Amino acid sequence: AQTVTQSQPEMSVQEAETVTLSCTYDTSESNYYLFWYKQPPSRQMILVIRQEAYKQQNATENRFSVNFQKAAKSFSLKISDSQLGDTAMYFCAFMKRGSQGNLIFGKGTKLSVKP
Amino acid sequence: AAGVIQSPRHLIKEKRETATLKCYPIPRHDTVYWYQQGPGQDPQFLISFYEKMQSDKGSIPDRFSAQQFSDYHSELNMSSLELGDSALYFCASSFPRMLQGRVDGYTFGSGTRLTVV
């Protein structure tokens, strides 16, 4: 069975600074996808970034980038130039390739961006 | 762009009552997923449908059932409600399977907040 662990229940960062959220996972699968989802107070789950495990290059989406270490089963999210609108719950999620539904989430990290 | 539509947004029910939650996927999305997120918890997968057939099943109680209709919308039926069923229920949809070589992740709706009193 796959598990996803987010060891930081809460984090805070000053506006315009950089913050890194950590995520580790455990799986015996070799082909899978990893995601970071953002859940603001509006509660909508918004996809931030995704990574295919077979790709060595780290995914980047504007101010968001990941550090994917497959051997270490680590998938951290770096947010650069943090903005007040980044305040949200962030969930790391795993999906086995070929699976059609089962996103496995971590417990989440509550990020607060302070002015 | 059209998003995943869930209704109602909020629902209050008494114990032992029945609730029906609805989900309208993004047009041309043929797969629908249901997740349950308890207070302060991560979302837990309940069930999914592909082309109107159940495709995967997670931790869905026997008191719950779901189906996907010919227009691809889905309904989650919950009977004999318990206090512990109070949660945020998310629906998500995804692209057709033939395109799954490129996984964008799912698009989630805004959820239905169910409160059982």
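All residue numbers refer to position in the chain's written sequence, counted from 1. Labels follow written order: the first chain is A, the first ligand is 1, and so on. Local features in a predicted model are, by the rule used here, given only for residues with pLDDT of at least 70; side-chain atom pairs are given and counted only at 80 or more, and totals for whole chains, interfaces and linings are based on all residues. Computation of side-chain values covers all heavy atoms of the structure but excludes hydrogens and water.

A. Layout of the sheet that holds strand β3 (residues 19-24) of chain B. Residue and element names in this part refer to chain B. Taken in spatial order, the 4 strands make up an open sheet running β1-β3-β8-β7, and their pairing is antiparallel. Both outer strands of the open sheet, β1 (5-7) and β7 (64-68), are each paired with one neighbouring strand and no more. Strand-to-strand twist in this sheet, taken as the mean axis angle between neighbours without regard to direction, amounts to 15 degrees. Being paired, for any two strands, means DSSP has found at least two bridges between them. For helices the rule is a DSSP run of H or I covering at least 4 residues; for strands it is a run of E covering at least 2, with both sets numbered from the N terminus onward. As paired elements, β3 and strand β8 (residues 74-78) share 5 bridges and run antiparallel to each other. Note on method: axes are straight lines fitted to C-alpha atoms, helices fitted across the in-contact stretch only, with angles between N-to-C directions ranging 0 to 180 degrees.

B. Seen up close, unusual backbone geometry. All names here are of chain B. Here the amide bond leading from Ser 7 into Pro 8 is cis, since omega sits at -10 degrees, within 30 degrees of zero. Counting through the fold element by element, Pro 8 comes out in the loop between β1 and β2 (10-13). Not every positive phi belongs to a glycine, and Arg 16 is a case in point at roughly 75 degrees. Relative to the helices and strands, Arg 16 is located in the loop between β2 and β3. Assessed through its relative accessible area of 65%, Arg 16 is described here as exposed. The phi torsion at Tyr 72 lies on the positive side, around 75 degrees, for a residue other than glycine. Residue placement: Tyr 72 occurs in the loop between β7 and β8. A relative accessible area of 24% places Tyr 72 in the partly exposed class. Burial here depends on accessible area, computed with a 1.4 Å probe over protein chains only, as a share of the maximum for the residue type. Under 20% is buried, over 50% is exposed, and the range in between is partly exposed.

C. Region of the structure containing the environment of A:Ile49. Residue and element names in this part refer to chain A. Looking at where Ile 49 falls in the secondary structure, it is placed in strand β6 (residues 46-52). The class of Ile 49 is buried, set by a relative accessible area of 2%. Between the alpha carbons of Ile 49 and Leu 111 there is a distance of 16 Å; along the sequence they are 62 residues apart. Residue contacts follow a heavy-atom distance rule, with two residues in contact if any of their heavy atoms lie within 4.5 Å. With near-sequence residues (within four places) excluded, Ile 49 lies in contact with Leu 34, Phe 35, Trp 36, Ala 59, Thr 60, Glu 61, Phe 64, Ser 65, Val 66 and Leu 77.

D. Structural context of the nonpolar core. Ranked by internal contacts, the top residues of the largest apolar core, which has 26 residues, are A:Tyr25, A:Trp36, A:Phe75, A:Leu77 and A:Tyr90. Those elements giving two or more residues to this core turn out to be β3 (19-21), β5 (32-39), β6, β8 (64-69), β9 (74-79), β10 (88-96) and β12 (109-114) of chain A. Here the element with the most residues in this core is β10(A); it accounts for 4 residues. Sequence-distant contacts of A:Phe75, that is, excluding residues within four places in its chain, are made with A:Cys23, A:Tyr25, A:Leu34, A:Phe35, A:Trp36, A:Gln51, A:Val66, A:Asn67, A:Phe68 and A:Cys92. B:Leu11, B:Ile26, B:Ile60 and B:Ala66 belong to the second largest nonpolar core, which has 22 residues in total. Buried Ala, Val, Leu, Ile, Met, Phe, Trp, Tyr and Cys residues form a nonpolar core when they are joined through side-chain atoms within 4.5 Å.

E. Structural context of the layout of surface pockets. Grid spacing is 1 Å over the protein atoms alone, the probe is 1.4 Å, and a cavity is where that probe fits but cannot get out, while a pocket is an open set with protein on both sides within 12 Å along at least five of seven lines and lining residues have an atom within 4 Å of a point. Grid points are joined across faces, edges and corners, and a volume is the space filled by probe spheres set on the points. Of the voids in this model, the largest pocket is the one considered here, and its volume is about 340 Å³. Contributing to the lining of the largest pocket are 18 residues, with A:Gln39, A:Pro40, A:Pro41, A:Met89 and B:Gln37 lying nearest its centre. For the lining of the largest pocket, the elements supplying multiple residues, two or more each, are β10 and β12 of chain A.

F. Structural context of the packing of aromatic side chains. Note on ring pairs: Phe, Tyr and Trp rings are taken, using the six-membered ring of Trp, and paired if centres are within 6.5 Å. Classes follow the plane angle, with under 30 degrees stacked, over 60 edge-to-face and the rest tilted. Counted according to the given criterion, the structure contains 15 aromatic pairs over all chains. Ring geometry for A:Phe105 against B:Phe108: centres 6.4 Å apart, planes inclined by 65 degrees, an arrangement best described as edge-to-face. Highlighted residues: A:Phe105 in strand β11 (residues 104-105) and B:Phe108 in strand β10 (residues 107-108), drawn from two different chains. What links up through ring pairs into an aromatic cluster is the set A:Phe35, A:Tyr37, A:Phe91, A:Phe105, B:Tyr35, B:Phe45, B:Phe90 and B:Phe108.

G. Quick look at the interface of chain A and chain B. The partner chain B presents 30 residues to the 22 residues of chain A that form the contact. Overall, the association of chain A and chain B removes approximately 2100 Å² of surface from exposure, summing both partners, and the carbon and sulfur fraction of that is 45%. Think of a polar contact as two N or O atoms within 3.5 Å of one another; within protein, one of them needs to be a possible hydrogen donor and the other a possible acceptor, and neighboring residues in sequence only count if both atoms come from side chains. Seen at the junction of chain A and chain B, the total is 8 residue pairs in polar contact (both at pLDDT 80 or more). For the side of chain A that touches chain B, the secondary structure elements donating two or more residues are β5, β6 and β10 of chain A. Ranked by the residues each element gives to the side of chain A that touches chain B, the list is headed by β5(A), at 4 residues. Here the residues of the side of chain A that touches chain B sort into 10 nonpolar, 8 polar and 4 charged. Accessible area, probed at 1.4 Å, shrinks when two parts are joined; the buried area is that loss added up over both. The classification used treats Ala, Val, Leu, Ile, Met, Phe, Trp, Tyr, Cys and Pro as nonpolar, Asp, Glu, Lys and Arg as charged, and all other residues, Gly among them, as polar.

Remember, this is a structural readout, not a statement about activity or role.
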